[in-house]
Each structure stands twice: as C-alpha cells, then as structure tokens.
Amino acid sequence: MKILVINSGSSSIKYKLIDMDTEASLGEGVLERIGEAKGKILYHSHPGTSRALTKKIEAPISDHSHGMEWILSLLTDAESGVIENRTSISAIGHRVVQGGEKFKAPALIDDAVTESIRANIPLAPLHNPGALSGIITALDMFPEAGQVAVFDTAFHQTIPAKAYRYALPDRLYTEAGVRRFGFHGTSHRYITREAADYLEIPPDKINLISLHLGNGSSITAVSGGKSVDTSMGMTPLEGVIMGTRSGSIDPAIISYLADNTGMSLEEIMTLLTQESGLKGLCGYNDLRDIHRAAAAGNEQAELALDMLIYSYRKYIGAYFAVLGRVDCLVFTAGIGENDSVIRERVCRNLETFGIEVDPERNRDLSDTCSIISTSSSRVKVMVISTNEELEIARQTQMLI
Ligand code: AMP
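Okay, so let's go over this structure. (Residues numbered from 1 in each chain as written. Predicted model: local features only at pLDDT ≥ 70, side-chain atom pairs only at ≥ 80, totals over all residues. Heavy atoms only, no water.)

Some words on the overall build of the protein
Item 1. In terms of regular secondary structure, the protein is built from 15 helices and 14 strands.
Item 2. For a compact globule of 400 residues, the expected C-alpha radius of gyration is about 21 Å, and the protein comes in at 22 Å, within 12% of that figure.
Item 3. C-alpha atoms of the protein, sized along the principal axes, occupy 60 × 55 × 45 Å.
Item 4. Partitioning the intrachain contacts of the protein with sequence separation of at least 6 by distance along the chain shows that 61% fall at a separation of at least 24.
Item 5. The distance from the centre of the 38 positive side-chain charges to the centre of the 50 negative ones in the protein is 3 Å. (Helix = DSSP H or I, 4+ residues; strand = E, 2+ residues; numbered from the N terminus. Rg over C-alpha atoms; globule rule 2.2 N^0.38 Å. Contact = heavy atoms within 4.5 Å. Lys, Arg positive; Asp, Glu negative; His and termini not counted. Charge placed at Lys NZ, Arg CZ, Asp CG, Glu CD.)

With respect to the site of the ligand
Item 1. The ligand sits among G214, N215, N285, D286, L287, R288, A333, G334, I335, N338 and D339.
Item 2. At 3.5 Å from a nitrogen atom of the ligand is found a side-chain nitrogen or oxygen belonging to N338.
Item 3. For the ligand, whose accessible area on its own is 510 Å², the fraction buried by protein is 69%.
Item 4. At the level of elements, α10 (287–295) and α12 (333–338) are the ones that each hand at least two residues to the shell around the ligand.
Item 5. Here the shell around the ligand gets four residues from one element, more than from any other, and that element is α12.
Item 6. Grouping the constituent residues of the shell around the ligand by class yields three nonpolar, five polar and three charged. (Near = heavy atom within 4 Å. Polar contact = N/O pair within 3.5 Å; in protein donor to acceptor, adjacent residues only side chain to side chain. Areas by Shrake-Rupley, 256 points an atom, 1.4 Å probe, with all protein chains shown as cover. Nonpolar A, V, L, I, M, F, W, Y, C, P; charged D, E, K, R; others polar.)

A few points about the pairing of strand β6 (residues 91–96)
Item 1. Within β6, five of the six residues are buried, which leaves the element mostly enclosed by the surrounding structure.
Item 2. Sheet topology note: the β6/strand β8 (residues 146–151) ladder contains six bridges and is parallel. Note that in β8 the partner of V96 across the bridge is F151. (Buried < 20%, exposed > 50% of the residue type's maximum accessible area, 1.4 Å probe, protein only. Pairing = 2+ DSSP bridges.)

Section: the sheet that holds strand β11 (residues 226–230)
Item 1. Here we have six strands laid out as an open sheet, ordered β11-β10-β9-β12-β14-β13, and mixed in their pairing. Edge positions in the sheet fall to β11 and β13 (369–371), since each of these pairs with one other strand and no more. The sheet shows a mean angle of 25 degrees between the axes of neighbouring strands, direction not considered.
Item 2. In this structure, strand β12 (residues 328–332) lies alongside strand β14 (residues 380–384), joined through four bridges in parallel fashion. By the bridge assignment for β14, L329 is matched with V381.
Item 3. Running at roughly 125 degrees to β14, helix α6 (residues 185–199) makes contact with β9 (208–213), β10 (217–223), β12, β13 and β14 of the sheet.
Item 4. Helix α13 (residues 340–347) contacts β12 and β14 of the sheet and is inclined by roughly 155 degrees relative to β12. (Axes fitted to C-alpha atoms, helices over the stretch in contact; angles between N-to-C directions.)

Describing the packing of aromatic side chains
Item 1. Inspection of the entire model under this criterion finds four aromatic pairs.
Item 2. Their ring planes at 45 degrees and their centres at 5.9 Å tell us that Y164 and Y173 sit as a pair that is tilted. For the pair Y164 and Y173, a shared accessibility class is recorded, and that class is buried.
Item 3. Ring centres of F320 and F353 lie 4.8 Å apart, and the angle between their planes is 80 degrees; this geometry places the pair in the edge-to-face category. Here F320, found in helix α11 (residues 299–323), pairs with F353, found in the loop between α13 and α14 (359–363); they are 33 residues apart in sequence, far enough to count as distant.
Item 4. The side chain of R179 reaches across the aromatic face of Y164, ending 3.6 Å from its centre. (Phe/Tyr/Trp six-rings, centres within 6.5 Å; stacked < 30°, edge-to-face > 60°. Lys NZ or Arg CZ within 6 Å of the ring centre and 35° of its normal.)

As for the sheet that holds strand β2 (residues 13–19)
Item 1. Strand order in the open sheet formed by eight strands is β5-β4-β3-β2-β1-β6-β8-β7, and the pairing between neighbours is mixed. This sheet does not close on itself; its edge strands, each paired only once, are β5 (53–59) and β7 (107–108).

Describing the nonpolar core
Item 1. Counting residues in each nonpolar core, the largest one holds 44 residues, and the members touching the most others are I209, I219, Y312, L329 and I342.
Item 2. When contributions to this core are tallied by element, the ones reaching two or more residues are β9, β10, α9 (277–282), α10, α11, β12, α13 and β14.
Item 3. No other element matches the eleven residues that α11 contributes to this core.
Item 4. With sequence-adjacent residues up to four places away left out, I219 is seen in contact with H188, I209, S210, L211, L213, D229, T230, S231, V240, Y312, Y315 and Y319.
Item 5. Counting residues in each nonpolar core, the second largest holds 25 residues, with I34, I41, F142 and A145 among its members. (Core = buried A, V, L, I, M, F, W, Y, C linked by side-chain atoms within 4.5 Å.)

Description of the side chain of T137
Item 1. Here T137 lies in helix α3 (residues 128–141).
Item 2. Sequence-distant contacts of T137, defined by excluding residues within four places in its chain, comprise H64, S65 and M68.

Some thoughts on unusual backbone geometry
Item 1. One non-glycine residue with positive phi stands out, namely R33, at about 60 degrees.
Item 2. Structurally, the position occupied by R33 is in the loop between β3 (24–32) and β4 (39–45).
Item 3. Although it is not a glycine, N349 adopts a positive phi angle of roughly 55 degrees.
Item 4. As for its position among the elements, N349 is in the loop between α13 and α14.

Details of the environment of I254
Item 1. Assignment of secondary structure puts I254 in helix α7 (residues 252–261).
Item 2. When the C-alpha atoms of I254 and V30 are compared, they prove to be 36 Å apart, with 224 residues separating the residues in sequence.
Item 3. Other than its neighbours up to four places away in sequence, I254 contacts L265, I268 and L272.

Worth remembering: the numbers are spatial, not functional.
What follows is the structure in structure tokens.
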C-alpha cells in the first residue's frame, strides 16, 4: 500500500509518498511560495538509495490545487516518477495542527470532519486554513483514495483537566474554549512508540519525558504511553524558549508594553512570536550560529544558551515530579537530534535523578534510535530521529 502524506500550510505543501510494506519514502519534497510570482518546487525520488534523484524547479504555483497537480506530475513523471498514476495512491494522510477537543484520534475525512476543521480556524488561524485547502483539493483530485486527518493536538487529549485548564474564570473554558491543547503530538506519539519498542517496555506501561527541540520546541510528560502534560499551551507560544518565540512570560508584560511603548496588540504578538526567543536574545535563532558566536566570546549568545538550557531543565524537573517514575528521557527534532553539546548540558549534574550521559555515546550516535546514557544510568537517555510523516502514514493505514 502506498500512502501520500500531505502537510499543507498557507503558502507551502510538504509531501511524502510512503511504501507501507517497507515504510520507506518513495518520493518527497516541498512546494513553497504558493500564490507568488515565482514558486519553488523541490522533489527527491527514492531518497537515501542509489536511485536517488533530486529536481529543483522554479515556476508559478497559483494555488493549492495547482500545487497538488505539480506533486502528482512529479510522482508520475516518466523519468523521475515513482508510481504509474494517481490510482497507485491508496490513501492520503493530512497533517492538521489543531483538532480542538473534538478530535482525540485521527479521523476519516467526510463533510462533517472538514466542517469541524473549519470551525477550529479561530484556534489556529495560521495553520488550519492551509490544511483545509490541502484537504479540499485532495478530495477533489483523489476521489478513490481514503483520506485521513491526523491532528497535532490529538495525542495530548489524554492530559487531565488539572493540567490543561488555566486558572481563569470557569466561563472562559466552558464558553470560550480557553485551555491547553499542546502541539507536536504526532512527534511525541512516534517517539513514545519507538522508545517503548527499543526498550522492550509495553507501550501502555512506558513513562518518559519527550523533548522535541527544534525551531519550535515542546516537552511532554508521558505516563503509561499517554500524554499527561506538555509545555505548549492553547497556542504554540507557551513553554520553553524557542528560535523566535519567547515561550512562557509574565502575561502582564503585554499590558505593560502596550501602556509604555505604544505598541499595538498585533505588534506585541509579532514581537513575541517572531522576534523573541533565541533571536531576540542574541540575534541568531539557529543553534549552530549561536555556538559559533558564543565560542568567539559573544556574551549575548552565551546567555541565550544558558537560558535555553535552563528552560529545558526546569520542565525536566517538573515532569519528574509529575511522573514519579521515569524510564527514559528522549531528545528529538533539529536541536535534540543534532546538538550533542545541548544534550550534555541539559543532562549535566542530574545524577540524583538517575541520569548519567556517556560522553562518547552522546557524541557518536549509532543509529536513528540511540541510547546515550551510561550502562549504569537508572533513567535511559535516548536520541530518536522523529518521523512525523511516517507516524501520519501509520495512523492513516490503521484507520482505513
Ligand atoms: P527543526 O525545527 O526540528 O527543523 O529544527 C531546526 C533547528 O535545529 C535549527 O534552527 C537549529 O537550531 C537546530 N539544528 C539543526 N541542525 C543542527 C546541528 N547540526 N547542530 C545544532 N543545531 C542544529
């Protein structure tokens, strides 16, 4: 069975065609600048194999429907294609960021599901409209394929009320729906399953702390295989320090800025989401630049690193208290998978928590799933490459 995974944003579409017999990618890529004069199209066929081939094209992509036509023509192209025609695609898995309280699991897409995703637009105004465009286009182009929506928020629907409610007047929850949703759920779910498999712990028994650390970051406490708390909140702005997002701050800072700087609410939100975090602290949001600057004596970069690591460690401490027993700590995503210095510093001096990292194992990762703790470490520390597309494809296959 071949499943096409679509991650459709407002002006981009990421795609991956997965052969479910081998779970390998047959073809993948990204379309960017949809609706602009010059669109960018990237396609890799048979990535990571001797037959690998890459295509980069610059051409206008008028809308999502045009984008999906490009994807189909690349996948079926006589020279670089990987399938004969559209009927070779059995199912399509769509990534949807916000499923609200309604979706606790993936959903087979019908009119009611499409309407519910539309109804959740106020909760994810930057993300759900793009996903919806991708879904509507795919329903039209692939009428025979099973289509499934996989929600980023679904894995976190097991979080208990004491952790998902904010201490605001009750009506703000019951009438306005203000609560923690959490994000990166597909990644945290994938990590949980991979760690359980690797450690040979039944998936419904594993307790772990999953650290998805990338440009956007979230940390999740998993008890018995279920999410019981997560650092992101009603929106992806809450929690740890991120590339350009502030993470948690005193909410009164917002009114202070409005009163004393003349900034509008919109300008303050842009500041908090796009100009803060690591970028706001030192001018760089990529860890590789920050390490270089810190090594050259840039004090702002050094402080940014210290603050970043401190913000991760505070959640680790909190989630030890939430979980009681922790089988493993898992690092994933751009920073988690690639930055051994951050991993070492995050885990430093945590022997009382049962955490001991082996410096050599931490430096030289053996596989896409590696243990970096010492043999005697009570809590296993792992690095697992996340694969959200594969998780979406697995859930799509399960449902259809
Ligand atoms: P993601 O959002 O998961 O794609 O992660 C992107 C972030 O990962 C970048 O902004 C970098 O901060 C970080 N990153 C990626 N590659 C490396 C690397 N080799 N070393 C350190 N950090 C990295």
